[in-house]
Amino acid sequence: VRQTDTATVTLTAHRTIQSLKNTNTGVIDTAGNTLTIESGGIITQNNLTFGSGTSFAPGTLTSGTSSSPAELFVHAAGGSTTINSVIGDNLGGGAVSLVVDRGSSNAGGYVGLQGVAANTFTGTTYVSGNNNNVHLYLNKNSAIPASGGRSVGGDLVIEGGRVYTGYRYNSG
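Reference entry: report on the structure contained in this document. (Residues numbered from 1 in each chain as written. Predicted model: local features only at pLDDT ≥ 70, side-chain atom pairs only at ≥ 80, totals over all residues. Heavy atoms only, no water.)

## Here's the deal with the overall build of the chain
Then step 1. Helix and strand counts for the chain stand at 0 helices and 16 strands.
Then step 2. Taken over 172 residues, the chain has a buried fraction of 46%.
Then step 3. Considering only contacts in the chain between residues 6 or more positions apart, those separated by 24 or more positions represent 67%.
Then step 4. Carbon and sulfur atoms form 46% of the exposed surface of the chain, whose accessible area is close to 7,700 Å². (Helix = DSSP H or I, 4+ residues; strand = E, 2+ residues; numbered from the N terminus. Buried < 20%, exposed > 50% of the residue type's maximum accessible area, 1.4 Å probe, protein only. Contact = heavy atoms within 4.5 Å. Areas by Shrake-Rupley, 256 points an atom, 1.4 Å probe, with all protein chains shown as cover.)

## Some thoughts on the pairing of strand 5 (residues 34–44)
Then step 1. Sheet analysis places strand 3 (residues 15–22) next to strand 5, joined by 7 bridges and oriented parallel. Bridge pairing in strand 5 links Lys 21 to Ile 43.
Then step 2. Where strand 5 lies against strand 7 (residues 60–63), 4 bridges are found, and the strand directions are parallel. Residue pairing in the sheet places Ile 37 in a bridge with Ser 63 of strand 7. (Pairing = 2+ DSSP bridges.)

## Some thoughts on the nonpolar core
Then step 1. Core analysis: the biggest nonpolar cluster contains 25 residues, and Ile 42 and Phe 50 have the highest contact counts within it.
Then step 2. Among the secondary structure elements, those contributing two or more residues to this core are strand 3, strand 5, strand 6 (48–50), strand 8 (70–76), strand 11 (96–101), strand 12 (109–113) and strand 14 (134–138).
Then step 3. Contacts of Phe 50, omitting those with residues within four sequence positions, involve Leu 20, Ile 28, Leu 35, Ile 42, Leu 61, Thr 81, Thr 82, Ile 83, Asn 84 and Ser 85. (Core = buried A, V, L, I, M, F, W, Y, C linked by side-chain atoms within 4.5 Å.)

## Quick look at the packing of aromatic side chains
Then step 1. In total, this model carries 2 aromatic pairs according to the counting rule given.
Then step 2. Geometrically, the ring pair formed by Tyr 110 and Tyr 137 is tilted, given 5.9 Å between the ring centres and 35 degrees between the ring planes. Placement of the pair is Tyr 110 in strand 12 and Tyr 137 in strand 14, with a sequence separation of 27 residues.
Then step 3. Among the residues examined, Tyr 110 registers a relative accessible area of 35% and is labelled partly exposed.
Then step 4. For Tyr 137, a relative accessible area of 6% gives the class buried.
Then step 5. Centroid distance Tyr 137 to Tyr 164: 4.7 Å. Interplanar angle 10 degrees. Geometry classified as stacked. Pair noted here: Tyr 137 is in strand 14 and Tyr 164 is in strand 16 (residues 162–165), with a separation of 27 residues, a long-range link. (Phe/Tyr/Trp six-rings, centres within 6.5 Å; stacked < 30°, edge-to-face > 60°.)

## Looking at the side chain of Thr 44
Then step 1. With respect to the helices and strands, Thr 44 occurs in strand 5.
Then step 2. Ignoring any residue separated from it by four or fewer positions in sequence, one finds Thr 44 in contact with Asn 22, His 75, Ala 76, Ala 77, Gly 78 and Thr 81.

## Regarding unusual backbone geometry
Then step 1. One non-glycine residue with positive phi stands out, namely Ala 31, at about 45 degrees.
Then step 2. Considering the arrangement of structural elements, one finds Ala 31 in the loop between strand 4 (26–29) and strand 5.
Then step 3. Since its relative accessible area comes to 33%, Ala 31 is described here as partly exposed.

Geometry only, nothing functional implied.
Pasting the structure below:
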């Protein structure tokens, strides 16, 4: 699916798509539903927001459809991506890992995990790029699911990108 306009797209039911490419500033309001990115990931070339930052039913963003582990790729190829939706394991029960990278772009970008509800995915979080072009902002205490009272429950693997905690970035 290619999103090219600035309109807000609101999910009215659970949806599964192969991939999502954003080329213009936009909002995808998951509105209490689940958006499953089955295989290709999310490519952002401009500013993109998932969910509403003030919604108490933000919906879920996930990857894969079976009980097998899956990876949710966010290719930050420009601009900023704000994820207010919950990132969770998939509907088939498979563990989801979050992979933030710059894709094939040299531009890079910013990805912020925000919103009011805790993320629930149980896989690893990967940040890959070089220091100046891939940034992951953990803007809520539960951005990476916690266990045992720690702020990072699963593994966090940083391979050349940057990770910021407790910092709210300017997505505009």
